[in-house]
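What the coordinates show
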Amino acid sequence: MPTITEILHKIAALQSGGNPQYAEGLFPCRRSYACDWIGRADNNIFYTAIIVFTLQRLVYYFDEEQQNLFLRIREKAVQNYPAYQNQKGKKTYNFWAKNPSQHFPHGYLCSRIKSFELPDDADDTVLIYLTQAHSPEDVFWLKDELAHYSTLKPGQFKNFPAKYQAYSAYATFFSTAKMPIDHSLCVLCNILYFVYAHHLPHNAWDEGSLDLIVEAVRSEDYLKNPVALAVHYPSAPVFLYHLTRLMADFDIPKLETLLPQLKKNLSDLYVKEKKGMNRLVLAISMLRLGMDIDEVLLPNPKELKKYAFFMFSKWSYSASEKLRNWASIPFFQVNFACEAYNLTLILEYVQLKKLKEK
């Protein structure tokens, strides 16, 4: 099993020093289409921000050398954030660079179609707020902005399972024109993490988001069709990773009621899971909940490079439920894989296992 220092050095070595594909400080990501037949370099900010966020949560346990390594990684990473900020100066952020706009970077067709540009989104925005200091005024403004774009009107919310359409939960995108209002269990967990981390007063959308998560777990709908409830995140293990991170860091009574069921679901999934990276993600979630687990066999180098924690499917936003179901079929997914983030997940597992054994 590699040490924390060894993994940190590997992560730092993958951080871009600056080239035509990736600006200095970004972590390389590859997007692949149609079961990996076509691949492109993708310079999104998502993976860079989530690597910094994940390491930041663990830095308390690092020794001096490891902390200095993290600080160098963070310093290079956050210098990229302004390029992803809203073009009109709002303090929201985009998955792809906006200054100048670079949607579907290095693509031959999609990058040329303006209508394929994405609006700013809650996921990238809260990750950036969690990894770089913003003023109290900006933090409260963002809370209001999240609520503003989550206000539903009759007939506006057709691309999410009907059972969940009545919940007053946060939307994924800061847009009511380019993208339909939608929810994602994983994005809701990240927004709630932002809310709790900044000790913000709760509103109807916070409670609605928690209620939606509770219902998805109690009904086990997240197991039956994870992509329908967590658009862009391809599996139940990835949702459980998000949920247990939120539960491990904050005391949330509504979620605590789910503990017995979550532990059972995690145990069942872990026994059945074949993919090495999914087993690793499940193991992290189990350790967060204080569960005992044998040492995980680390993923092979090929899976480490190709495992996609995040994906996109245009069918996710179809008005047709039948077409939306296609989003769960790998052939119709665009996968975003980042080796540095997958190494970060290994580091998180090693650190949590170490703490568990103390």
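The following paragraphs examine the structure supplied in this document. Quick caveat, the model's predicted, so the values are computed rather than measured. (Residues numbered from 1 in each chain as written. Predicted model: local features only at pLDDT ≥ 70, side-chain atom pairs only at ≥ 80, totals over all residues. Heavy atoms only, no water.)

Digging into the overall build of the protein
Of the regular secondary structure elements, the protein holds 16 helices and four strands. Within the protein, contacts between residues separated by at least 24 positions form 69% of all contacts whose residues are at least 6 apart in sequence. When the accessible surface of the protein is summed, it comes to about 15500 Å², and 55% of that surface belongs to carbon and sulfur atoms. (Helix = DSSP H or I, 4+ residues; strand = E, 2+ residues; numbered from the N terminus. Contact = heavy atoms within 4.5 Å. Areas by Shrake-Rupley, 256 points an atom, 1.4 Å probe, with all protein chains shown as cover.)

Brief notes about the pairing of strand 4 (residues 334-337)
Looking at chain direction, strand 1 (residues 29-33) and strand 4 are connected through three bridges and run antiparallel. In the sheet register, R30 faces strand 4, and the bridge partner there is A337. Both strand 3 (residues 310-312) and strand 4 contribute to a ladder of three bridges, which runs antiparallel. Across the sheet, residue F312 finds its bridge partner in strand 4, namely V334. (Pairing = 2+ DSSP bridges.)

Side note on helix 2 (residues 46-58)
Between its terminal C-alpha atoms helix 2 stretches 19 Å, which fits the 18 Å expected from 13 residues at 1.5 Å a residue. A large share of helix 2 lies buried, amounting to 12 of its 13 residues. Within helix 2 the residues assigned to the buried category are F46, Y47, T48, A49, I50, I51, V52, F53, T54, L55, R57 and L58. (Expected span 1.5 Å × (residues − 1). Buried < 20%, exposed > 50% of the residue type's maximum accessible area, 1.4 Å probe, protein only.)

Topic: the nonpolar core
Core analysis: the largest hydrophobic core is formed by 115 residues, its most contacted members being Y47, F194, F239, L255 and F309. Looking at this core, the element that brings in the most residues is helix 6 (residues 185-197), giving 11 residues. (Core = buried A, V, L, I, M, F, W, Y, C linked by side-chain atoms within 4.5 Å.)

A short note on the packing of aromatic side chains
For the structure on display, the rule yields 21 aromatic pairs. Between Y149 and F174 the ring centres are 5.9 Å apart and the planes differ by 90°, which places this aromatic pair in the edge-to-face class. Of this pair, Y149 sits in the loop between helix 5 (136-148) and helix 6 while F174 sits in the loop between helix 5 and helix 6; the two residues are 25 residues apart in sequence, bridging distant segments of the chain. In textbook terms, an aromatic cluster arises when at least three aromatic residues are bridged by ring pairs, as seen for F46, Y47, F95, W96, Y233, Y241, F309, F310, F336 and Y341. A cation over an aromatic ring shows up here: R279 above the ring of Y270, its NZ or CZ 4.0 Å from the ring centre. Lying over the aromatic face of Y241, R288 brings its terminal NZ or CZ to 4.2 Å of the ring centre. (Phe/Tyr/Trp six-rings, centres within 6.5 Å; stacked < 30°, edge-to-face > 60°. Lys NZ or Arg CZ within 6 Å of the ring centre and 35° of its normal.)

Points about the packing of helix 6 against helix 7 (residues 204-218)
Where helix 6 meets helix 7, the axes come as close as 10 Å, and the angle between the chain directions of the two elements is 135°. By the criterion of interaxial angle, the relationship of helix 6 to helix 7 is oblique. The handedness of the crossing between helix 6 and helix 7 is left-handed. Across the interface between the two elements, L185, L188, C189, L192, V195 and Y196 from helix 6 touch D206, S209, L210, L212, I213 and A216 from helix 7. (Axes fitted to C-alpha atoms, helices over the stretch in contact; angles between N-to-C directions. Parallel < 35°, antiparallel > 145°, perpendicular 65-115°, else oblique. Left-handed = near helix turned anticlockwise from the far one by under 90°.)

Section: the side chain of D206
Structurally, the position occupied by D206 is in helix 7. By relative accessible area, D206 is classed as buried at 0%. A distance of 2.8 Å separates a polar atom in the side chain of D206 from a polar atom in the side chain of K143. In this structure D206 touches K143, Y170, L192, V195 and P201, once residues within four positions along its chain are discounted. (Polar contact = N/O pair within 3.5 Å; in protein donor to acceptor, adjacent residues only side chain to side chain.)

The analysis is restricted to geometry; functional conclusions fall outside its scope.
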